[in-house]
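Below are the chains, spelled out letter by letter.
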Amino acid sequence: MGESSGSVSVDVERISLGGKEHFIKTRHGTVSVAVFGEQEKPALVTYPDVALNHVSCFQGLFFCPEAASLLLHNFCIYHISPPGHELGAAPVSSHVPIPSVDDLADQIADVLDIFGLGSVMCLGVTAGAYILTLFAIKYRERVAGLILVSPLCKAPCWTEWLYNKVISNLLYFYGMCGLVKDCLLQRYFSKEVRGGAQVPESDIVQACRSLLNERQSKNVWCFLQSINGRYDITEELHRLQCRTLVFVGEDSPFYSDALHMTSKLDRRCSALVEVQACGSLVTEEQPHAMLIPMEYFFIGYGLYRPSQFTGSPRSPLSPSCISPELLSPESMGVKLKPIKTRVSLDI
């Protein structure tokens, strides 16, 4: 781990769920980073959606055996939580200013400095995807690749802004009440797994509802304020210097946002995977749908599943040229339901 400098330092460390949790004091407040794996390996940085952390946002993906073997074999995982979203977090002090989206992106740079990391792979979901994309725009040389799940790149439309304001007011006055949880679950999951009057909630939705009970409403309110104040980064997407893989559930409320973002990315080094019968949180609802696209995405970096690659990757990420065949719809799994893939490549 790198040495602390200036206002950036490691505050506390503790063991958490098989990994080591670090509390990093950044220029814009303290942030939790849960580290899993050997730190000599290339780094994969994750960032969750509103009111989630690495347990409630990425557990389904990392509990999927094939995906776990692919990711944990090749990477050391750095799960960054939004301020106050880590397990057992205390309420954020009222004296701490609400961070802007730029502040949250800068926190990631501070975390990388503390751990002595150079260029990293990034995996983010919705709000977390926006923060990581903004980070990749501001610190282009520090991002080797982006994996974005139901991402955002525009400022909130008036309906999203108003909806978030309603949730914010409910959080402020009533805390993490049943109505707030229902609104958040609608944000994350498709109607099929949320159930209804005649159909019970699926296990993953029940588990997420239970985990939402552990969130501090003040902390969720703060992060929602940050995200509701985001700005349009569409015109900056051309500055990205890394390959980008986008997943979106066809039932996600942010489906059109993901399509818009993909249309603005460099077609030579980006791909879109649409997951049928799935909401925004593909990492939890249908994590197996991510396996084949990620596997071929990583091949361009010389990273493989254990059965194909022996030895531990210890060199920095340096993408090689991905042949068009590797990103063809057939290779990425268009014939394997529930995946539908759109790829734009200039030969």
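Residues numbered from 1 in each chain as written. Predicted model: local features only at pLDDT ≥ 70, side-chain atom pairs only at ≥ 80, totals over all residues. Heavy atoms only, no water.

So, on to the overall build of the protein chain. Across its full length, the protein chain holds 13 helices and ten strands. Looking at the 347 residues of the protein chain, the share that counts as buried comes to 57%. By sequence separation, contacts in the protein chain at least 24 residues apart represent 76% of the contacts at least 6 residues apart. Looking at the protein chain as shown, the accessible area adds up to about 14,300 Å², and 53% of this sits on carbon and sulfur atoms. (Helix = DSSP H or I, 4+ residues; strand = E, 2+ residues; numbered from the N terminus. Buried < 20%, exposed > 50% of the residue type's maximum accessible area, 1.4 Å probe, protein only. Contact = heavy atoms within 4.5 Å. Areas by Shrake-Rupley, 256 points an atom, 1.4 Å probe, with all protein chains shown as cover.)

It is worth spelling out the side chain of arginine 215 at this point. With respect to the element layout, arginine 215 can be found in the loop between α8 (203–212) and α9 (217–228). Of the buried charged residues, arginine 215 lacks a salt bridge, with glutamate 214 as the closest side chain of opposite charge at 4.5 Å. Separated by 3.4 Å, the side chain of arginine 215 and the backbone oxygen of leucine 211 make a polar contact. Excluding residues that lie within four positions of it along the chain, arginine 215 makes contacts with Ala51, Asn53, Ser56, His85, Glu86, Leu87, Met176 and Val220. (Lys, Arg positive; Asp, Glu negative; His and termini not counted. Salt bridge = Lys/Arg side-chain N within 4 Å of Asp/Glu carboxyl O. Polar contact = N/O pair within 3.5 Å; in protein donor to acceptor, adjacent residues only side chain to side chain.)

Per-chain confidence: the protein chain averages 87 in pLDDT, with 83% of residues scoring 70 or above. Taken as a whole, residues 319–339 scores under 50 in pLDDT and shows 50 contacts with residues more than four places along the chain or in a different chain. For residues 343–347, every residue scores under 50 in pLDDT, and the model assigns this stretch 14 contacts once sequence neighbours within four places are set aside. (pLDDT = per-residue confidence, 0-100.)

Let us now look at the environment of aspartate 103. On the secondary structure map, aspartate 103 appears in helix α3 (residues 101–115). Within the structure, aspartate 103 has its side chain in polar contact with the backbone nitrogen of serine 100 (distance 3.0 Å).

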